Amino acid sequence: MQIRRLESSERAVAESVFRSGFARQLRYEDPEKFSPGYSLLGRFVGEPEGCFGGFIDGQLVAVAFCSSFGSIGVFGPAAVKPDLWGGGIGQRLLQTAIDYFHSQGIAKIGLTTFPDSPKHVGMYHKLGFYPRNLIAMMVKQIDKEMESKNPPPFRKFSELTSDEMEGAFKSFTMITDTIYEGMHFCRQVGVVGGLGIGETLMIDDGTSLVGFALCHFGDGAETETGVCQVKQAAVLPSPKASNHFAVLLEACSAYAKEKGATKLLFGLNAGRRAAFDQTLSSNCRIDSLGVAMHRPDEPFADRRDVYVIDDWR
Ligand SMILES: CC(C)(COP(=O)(O)OP(=O)(O)OC[C@H]1O[C@@H](n2cnc3c(N)ncnc32)[C@H](O)[C@@H]1OP(=O)(O)O)[C@@H](O)C(=O)NCCC(=O)NCCS
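The model shown is predicted, which means the values in this text are computed figures rather than measured ones. Going along each chain's sequence as written, the residues are numbered from 1 onward. Only residues with pLDDT of at least 70 are given local features in this predicted model, and only at 80 or more are side-chain atom pairs given and counted; all residues enter the totals for whole chains, interfaces and linings. Hydrogens and water are ignored here; the side-chain numbers use all heavy atoms of the structure.

Peer 1: An account of the site of the ligand is needed here, citing residue identities and associated values.
Peer 2: By convention in these notes, a residue is near a molecule or strand provided one of its non-hydrogen atoms lies within 4 Å of it. The immediate surroundings of the ligand are formed by 23 residues, with Ala-78, Val-80, Gly-88, His-120 and Lys-126 found nearest. By the criterion applied in these results, polar contacts are pairs of N or O atoms within 3.5 Å in which, for protein atoms, one can donate a hydrogen and the other can accept it, and in which residues neighboring in sequence qualify only through two side-chain atoms. Take Gly-86: an N or O atom from its main chain is 2.8 Å from an oxygen atom of the ligand. Areas reported as accessible are Shrake-Rupley estimates using a 1.4 Å probe. Residue values count occlusion only from the protein chains shown. Summarising the interface, the protein chains cover 73% of the accessible area of the ligand, which totals 960 Å² for the free molecule. Only DSSP runs of H or I covering at least 4 residues are called helices, and only runs of E covering at least 2 are called strands; the numbering of each starts at the N terminus. Those elements that provide at least two residues to the shell around the ligand are helix H1 (11-25), strand E4 (72-80), helix H3 (89-103), strand E5 (108-113) and helix H4 (118-126). For the shell around the ligand, the element with the most residues is H4, which contributes seven residues.

If you want it as structure tokens, here you go:
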């Protein structure tokens, strides 16, 4: 098998390999029914050098995507065609991703996988990853009841002037860097804005920006049709961070409602205890669970007091 960087012209076939792998894993009879509308477009545009394919006799049989969040590298999604499972292809893709991140100067690598799959946890462990916290995929229904509520004040990144955008990028970096040195989501904000596959929402405390959330929605987004997914979000650490996090999530719900979404979805690392407690005591439920695995085996931005959403799937 040959592994090489995928071309953007190979996106449709890559999405089909992705769907066939996950549909089999999650026992969908029809791969097209798995996550309808979910697109890998943003991966090809945002980090084309991190999109890899495995080929046998010229046919694409496996895919793996790498995302750099500044100092943290995230592996996934990755999938191998089901008829080839167990033949060592998954490990080769993972090693390719590790080498890729190292070539970018990134030594901290994370991924989210199925906590109840011995194969997944075992395979990742074989290449140096350790299971750490659970990741709760939180879901909030966006319903009519919200109509009566006034949304909190928030700004949209797409409505800023170019000078304001530059200032916003500096604030985003300052916030995430305060939480975990070198971590940032600027590349991802740029992709969502550039492709119009959602919106980055911002809240302030009356003086400066204190939180932002990157919401995916619509054609080309990394989310199912009708679902607004918060892929990354962060709140500046402060005694008011809990309030700001609540406001930020309300802003996301208001945006989801404005777009006609039926659900708001976001992945929350259970190690972020305060955010986890707060979210479950608001009207969010857990949709599914993943487990974060880290290489090396050390905490990243998953401390108890940290208000961050960073969907690693
Ligand atoms: C996950 C996936 C990419 C793995 O690809 P693969 O080519 O089947 O994996 P490999 O053959 O390289 O590795 C399988 C490894 O699992 C590990 N494994 C399997 N069962 C295990 C068990 N019970 N205990 C411990 N380790 C186990 C072994 O290390 C095994 O490799 P080895 O036999 O060579 O030691 C593939 O199954 C897939 O596409 N699944 C659907 C999509 C998906 O789940 N993607 C990943 C989401 S995080």
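There's more to say after this.
Peer 1: Describe the packing of aromatic side chains, listing the residues and the values that go with them.
Peer 2: Any two aromatic rings considered together are summarised by their centre-to-centre distance and by the angle between their planes. Think of it this way: a Phe, Tyr or Trp ring, Trp meaning its six-membered ring, pairs with another when their centres are within 6.5 Å, and the plane angle makes it stacked under 30 degrees, edge-to-face over 60, tilted otherwise. Tallied over the entire structure, the rule returns 20 aromatic pairs. Seen in terms of ring centroids, Phe-157 and Phe-169 are 5.2 Å apart; in terms of plane orientation they differ by 65°. Their pairing is edge-to-face. Of this pair, Phe-157 sits in the loop between strand E7 (155-156) and helix H5 (162-179) while Phe-169 sits in helix H5, and the two are 12 residues apart along the sequence. Each residue gets one of three labels from its accessible area relative to the maximum for its type: buried under 20%, exposed over 50%, partly exposed in between, using a 1.4 Å probe on protein chains only. According to the relative accessible area criterion, Phe-157 is buried, its value standing at 6%. Residues Phe-157 and Phe-172 carry aromatic rings whose centres are separated by 6.0 Å and whose planes lie at 40° to one another, so their mutual orientation is tilted. With Phe-157 in the loop between E7 and H5 and Phe-172 in helix H5, the pair connects residues that are 15 residues apart, well separated along the chain.

Peer 1: Could you give an account of unusual backbone geometry, naming the residues involved and the relevant values?
Peer 2: Here Gly-76 and Pro-77 are connected by a cis peptide whose omega angle stands at 0°. On the secondary structure map, Pro-77 appears in strand E4. For Ser-35, which is not a glycine, the phi torsion comes out positive at approximately 50°. Following the sequence through the fold, Ser-35 ends up in the loop between H1 and helix H2 (41-46).

Peer 1: Break down the pairing of E4 for me, citing the residues and quoting the values.
Peer 2: Counting buried positions along E4 yields eight of nine residues, so the element is predominantly enclosed. Linking strand E3 (residues 59-69) to E4, which pair antiparallel, is a turn of two residues; within it Gly-70 sits at a positive phi near 65°. Paired strands, as defined in this entry, are two strands with at least two bridges between them according to DSSP. Sheet analysis places E4 next to E5, joined by three bridges and oriented parallel. Residue pairing across strands places Gly-73 opposite Ile-109, the latter belonging to E5. Whether a crossover is right-handed comes down to one check: with the strands pointing away from the viewer, does the path from the first strand over the helix to the second run clockwise; if it does, it is right-handed. As for the winding sense of the linkage, the β-α-β connection from E4 through H3 to E5 is right-handed.

Peer 1: Go over the domain arrangement of the protein, please, and point to the residues and values.
Peer 2: Per the domain assignment, the segments making up the protein are domain 1 (2-106) and domain 2 (138-310). Segmentation of the chain into domains, including their bounds, is taken from an automatic or database domain assignment. Here the C-alpha centre of domain 2 lies 25 Å away from the C-alpha centre of domain 1. What makes two residues a contact is simply this: any of their non-hydrogen atoms within 4.5 Å. In this assembly, 20 residues from domain 1 lie in contact with 21 residues from domain 2. At the boundary of domain 1 with domain 2, total buried surface from both sides reaches about 1,700 Å², with 56% on carbon and sulfur atoms. Accessible area that two parts lose when put together, evaluated with a 1.4 Å probe and summed over both, is termed the buried area. If you sort the residues of domain 1 by the area they bury against domain 2, Phe-69, Ser-71 and Ile-72 come out on top, with a joint share of 31%. Think of a salt bridge as a Lys or Arg side-chain nitrogen and an Asp or Glu carboxyl oxygen that are within 4 Å of each other. Where domain 1 meets domain 2, there are three salt bridges. A salt bridge links Arg-187 to Glu-49; the nearest nitrogen and oxygen atoms lie 3.5 Å apart. Inspection of the domain 1/domain 2 interface yields 10 residue pairs in polar contact (both at pLDDT 80 or more). Among the elements of the structure, H2, E3 and H3 are those that each provide at least two residues to the side of domain 1 that touches domain 2. The residue classification treats Ala, Val, Leu, Ile, Met, Phe, Trp, Tyr, Cys and Pro as nonpolar and Asp, Glu, Lys and Arg as charged. All others, Gly included, are polar. Counted by class, the side of domain 1 that touches domain 2 contains seven nonpolar, 10 polar and three charged residues.

Peer 1: So, helix H7 (residues 241-259): which residues are in play, and what are the values?
Peer 2: A helix is expected to span 1.5 Å multiplied by its residue count minus one. Across its 19 residues, H7 extends 27 Å between first and last C-alpha, which sits within 8% of the 27 Å expected from 1.5 Å per residue. All of the buried residues in H7 are Ala-241, His-244, Phe-245, Leu-248, Leu-249, Ala-251, Cys-252, Ser-253, Ala-254, Tyr-255 and Ala-256. Of the residues flanking the end of H7, it is Gly-260, one or two places downstream, whose phi is positive at about 85°.

Peer 1: Could you give me a rundown of the packing of H3 against H4, with the residues and numbers involved?
Peer 2: Remark: H3 packs on H4, axes separated minimally by 10 Å, with the N-to-C direction vectors making an angle of 45°. By the angle class used here, H3 and H4 are oblique. The way H3 lies across H4 gives a crossing that is right-handed. Residues Gly-90, Gln-91 and Leu-94 of H3 form the contact with H4, whose participating residues are Met-123, Tyr-124 and Lys-126. Partitioning the contact of H3 with H4 into residue classes produces three nonpolar, two polar and one charged. Axis definition: a line fitted to C-alpha atoms, over the contacting stretch in the case of helices. Angles run 0 to 180 degrees between N-to-C directions. Roughly parallel covers angles under 35 degrees, roughly antiparallel covers those over 145, roughly perpendicular covers 65 to 115, and oblique covers all other angles. Crossing chirality is assigned from the near helix's rotation relative to the far helix, an anticlockwise turn below a right angle marking it left-handed and a clockwise turn marking it right-handed.

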